[in-house]
Amino acid sequence: MTGEERKTYVIPLEMEGERIDRILSELLPDLSRSYLKKLLDEGKVTGGGKTLKPSARMKEGQEVELLLPEKVLPDIEPENIPLDILYEDNDVLVVNKPKDMVVHPAPGHMSGTLVNAVMYHCAGNLSGINGVLRPGIVHRIDKDTTGSLIICKNDAAHRSIARQLKDHTIVRRYRAMCYGVLDQDDVTIDAPIGRDPKDRTRMAIVPDGKRAVTHVHVLERYDGYTYVECRLETGRTHQIRVHMAKIGHPLLGDDVYARGRKCPYHLNGQCLHAMVLGFVHPSTGEYIETTAPLPDYFEHLLSVLPKSTK
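The following refers to the structure shown. Note that the structure is a prediction, hence the values are computed from the model and not measured. (Residues numbered from 1 in each chain as written. Predicted model: local features only at pLDDT ≥ 70, side-chain atom pairs only at ≥ 80, totals over all residues. Heavy atoms only, no water.)

Topic: the nonpolar core
Proteins that are soluble and globular tend to have nonpolar side chains buried together.
Then step 1. Residues Leu114, Ile151, Tyr174, Val216, Ile240 and Met244 are the most contacted members of the largest nonpolar core, which totals 32 residues.
Then step 2. The biggest single contributor to this core is helix α3 (residues 114-122), with 5 residues.
Then step 3. Dropping the residues within four chain positions of it, Ile240 is found in contact with Tyr174, Thr214, Cys230, Leu232, Leu251 and Leu272.
Then step 4. Formed by 19 residues, the second largest nonpolar core is a distinct cluster that contains Ile23, Leu31, Leu36 and Leu68. (Core = buried A, V, L, I, M, F, W, Y, C linked by side-chain atoms within 4.5 Å. Buried < 20%, exposed > 50% of the residue type's maximum accessible area, 1.4 Å probe, protein only. Helix = DSSP H or I, 4+ residues; strand = E, 2+ residues; numbered from the N terminus. Contact = heavy atoms within 4.5 Å.)

Observations regarding the packing of helix α1 (residues 20-27) against helix α2 (residues 33-41)
Axis angle and axis distance: for two packed helices, these are the angle between their axes and the distance between the axes, and together they describe the pair.
Then step 1. Contact geometry of α1 with α2 gives a least axis separation of 10 Å together with a crossing angle of 130°. It follows that α1 is oblique to α2 by the angle criterion. In this structure, α1 crosses over α2, and the sense of that crossing is right-handed. Residues Ile20, Asp21, Leu24 and Ser25 of α1 touch α2, and the partners they reach there are Arg33, Leu36 and Leu40. (Axes fitted to C-alpha atoms, helices over the stretch in contact; angles between N-to-C directions. Parallel < 35°, antiparallel > 145°, perpendicular 65-115°, else oblique. Left-handed = near helix turned anticlockwise from the far one by under 90°.)

Brief notes about the environment of Leu52
Then step 1. Tracing the sequence through the fold places Leu52 in the loop between β3 (50-51) and β4 (63-69).
Then step 2. In contact with Leu52, other than residues within four places in its own chain, are Ile20, Leu40, Val45, Thr46, Gly47, Met58 and Val64.

A few points about the pattern of salt bridges
Then step 1. Summed over the entire model, instances satisfying the criterion amount to 19 salt bridges.
Then step 2. Ionic pairing is found between Asp190 and Arg211, a salt bridge with its closest N-O pair at 2.7 Å. Highlighted residues: Asp190 in strand β9 (residues 186-190) and Arg211 in the loop between β11 (199-205) and β12 (213-222), separated in sequence by 21 residues.
Then step 3. Judged by relative accessible area, which is 46%, Asp190 ranks as partly exposed.
Then step 4. Sharing partners across several salt bridges, the network here consists of Lys38, Glu42 and Lys44. (Salt bridge = Lys/Arg side-chain N within 4 Å of Asp/Glu carboxyl O.)

Side note on the sheet that holds strand β1 (residues 4-10)
Then step 1. Strand order across the open sheet formed by 4 strands is β1-β4-β2-β3, with antiparallel pairing between neighbours. Both edges of this open sheet fall to β1 and β3, since each of them pairs with a single strand only.
Then step 2. Summarising the sheet, β1 and β4 pair through 7 bridges and their orientation is antiparallel. Along β4, the bridge assignment pairs Val10 with Glu63.
Then step 3. Sitting on the sheet, α2 is in contact with β2 (45-47) and β4, with an inclination near 105° to β4. (Pairing = 2+ DSSP bridges.)

Concerning α2
Then step 1. Taken together, the buried positions of α2 are Leu36, Leu39 and Leu40. Relative to the axis of α2, the buried residues are bounded by an arc of 100° and lie together on one face.
Then step 2. Of the residues one or two after α2, Gly43 is the one with positive phi, at around 75°. (Arc of directions from axis to C-beta.)

Considering the side chain of Thr234
Then step 1. As for its position among the elements, Thr234 is in the loop between β13 (225-232) and α5 (239-246).
Then step 2. At 2.9 Å, the side chain of Thr234 and the backbone nitrogen of Val213 are in polar contact.
Then step 3. Side chain to side chain, Thr234 and Gln239 meet in a polar contact 2.8 Å long.
Then step 4. If near-sequence neighbours (up to four positions away) are discounted, Thr234 is found in contact with His168, Arg172, Arg211, Ala212, Val213 and Gln239. (Polar contact = N/O pair within 3.5 Å; in protein donor to acceptor, adjacent residues only side chain to side chain.)

Structure below.
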């Protein structure tokens, strides 16, 4: 139809089981709920060759197609923003994301995002599966979390990395500083995560949530804090932050899940760094592993914290 274009989106892992109307409102934050409802009512949202109703529950990895009027989504401008590149070839790009950088454009953050930067760097060579707002983006980390993030340069690479994420075969090891001193050297947290029923902007441990597993290893104990490595077995939204809060050791500087705890250090958000990222290369089948060095603020924190004498 003239004046319309078809866009394809892939349901992210953390949104599996959610209603399509709620998923679209998060995937397309620039579109109003009433407009998205209109698209659904008019049969312009399909999945698996079928027209989707607003209440349709979706599966992770499922492709959804929207027939949208042209220009309904804003043009995302490439920006010459320096990138800390850990690995790059014709299929993938791994970058070390700095603190306070949003991954993809959203209201209030339409410029200065990682997507703006990679669009300039890759000059149009990015996967388009997740639509114009998220070219190349197959997973993400929070604005205030630093570290490794993989960008896909074509759809074949995107599908391969998405499959590895779904199968939990991608290696993801984070470094974090948490409140309190952990007694055990190794802890495994196996608790389901879903949207907080009282606050949809937060995640929480909920009985009907998706299975989430985090393996925590103590690296160093300090006076009132613990330096840990967290290995993700699954990859739910805010997983480490929610799980550490669940066991009574929320992340230092986390103003969402460590409410009521005063952070004596200027951290600008949670003390969390995605250090190691390992994956099977989409084309060669070779195992690739990258390591993002700790950011300066984290190194400084380690240097000033007094070590535990216990």
